[in-house]
Amino acid sequence: MPAFFMFDFEIGFLGLFLTSFLAATIVPIASEVFLIGMILLGYNPVVCLIVATSGNTLGGWLNYAIGRMGNPYWLKKIGTSFEKIESWKSRVEKYKFPL
């Protein structure tokens, strides 16, 4: 039987935390599916919400920290500049979405 049918392997709350953490970063994961799945499997809903919220919050803080450490050298490496970013920012802000 393929490995993905092995339901006896579970990582529980640690898996939910890691899934939520990664979903809050650049990795496209639907952590809500894992949260709902764990609740449907009988895990404590309050603990699940606390663990998922903690993972998402810490993942968001990681994104913020990476953004704050932005380096002009990295911008040159990916082919952009502060001027391009400011141009994009002004286009978005004209629709009243403050950045």
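**Describing the nonpolar core**
Next, step 1: In this structure, Leu-16, Leu-35, Met-38, Tyr-43, Cys-48, Val-51 and Ala-52 together form the largest nonpolar core, which totals seven residues.
Next, step 2: For this core, the secondary structure elements donating two or more residues are helix 2 (31-40) and helix 3 (45-68).
Next, step 3: Per-element accounting of this core gives the leading share, three residues, to helix 3.
Next, step 4: For Val-51, the residues in contact, after removing those within four places along its chain, are Phe-13, Leu-16 and Phe-17.

**A word on a nonpolar patch on the surface**
Next, step 1: Nonpolar side chains collect at one region of the surface, where Leu-62, Ile-66, Met-69, Tyr-73 and Trp-74 lie side by side and expose about 530 Å² of accessible area between them.
Next, step 2: Where the nonpolar patch is concerned, the elements lending two or more residues are helix 3 and helix 4 (72-77).
Next, step 3: Along the chain, Tyr-73 turns up in helix 4.

**Considering the side chain of Ser-31**
Next, step 1: Here Ser-31 shows up in helix 2.
Next, step 2: Overall, Ser-31 belongs to the buried group, its relative accessible area being 5%.
Next, step 3: Apart from residues lying up to four places away in sequence, Ser-31 is in contact with Thr-19, Ser-20, Ala-23 and Asn-56.

**Observations regarding helix 2**
Helical geometry note: an α-helix holds 3.6 residues per turn, so side chains three or four residues apart project in the same direction.
Next, step 1: When helix 2 is considered as a whole, its buried residues turn out to be Ser-31, Leu-35 and Met-38. Projected onto a plane normal to the axis of helix 2, the buried residues spread over an arc of 70° and lie on a single side. With respect to the buried face of helix 2, the exposed residues turned more than 90 degrees away are Glu-32, Val-33 and Leu-40.
Next, step 2: Where helix 2 is buried, its residues touch helix 1 (12-23) and helix 3.
Next, step 3: A positive backbone phi angle near 105° is found at Gly-42, which sits one or two residues after helix 2.

Definitions and limits used
Residues numbered from 1 in each chain as written. Predicted model: local features only at pLDDT ≥ 70, side-chain atom pairs only at ≥ 80, totals over all residues. Heavy atoms only, no water. Core = buried A, V, L, I, M, F, W, Y, C linked by side-chain atoms within 4.5 Å. Buried < 20%, exposed > 50% of the residue type's maximum accessible area, 1.4 Å probe, protein only. Helix = DSSP H or I, 4+ residues; strand = E, 2+ residues; numbered from the N terminus. Contact = heavy atoms within 4.5 Å. Patch = residues over 30% accessible without salt bridge, like charges linked within 9 Å, V, L, I, M, F, W, Y side chains within 5 Å. Areas by Shrake-Rupley, 256 points an atom, 1.4 Å probe, with all protein chains shown as cover. Salt bridge = Lys/Arg side-chain N within 4 Å of Asp/Glu carboxyl O. Arc of directions from axis to C-beta.

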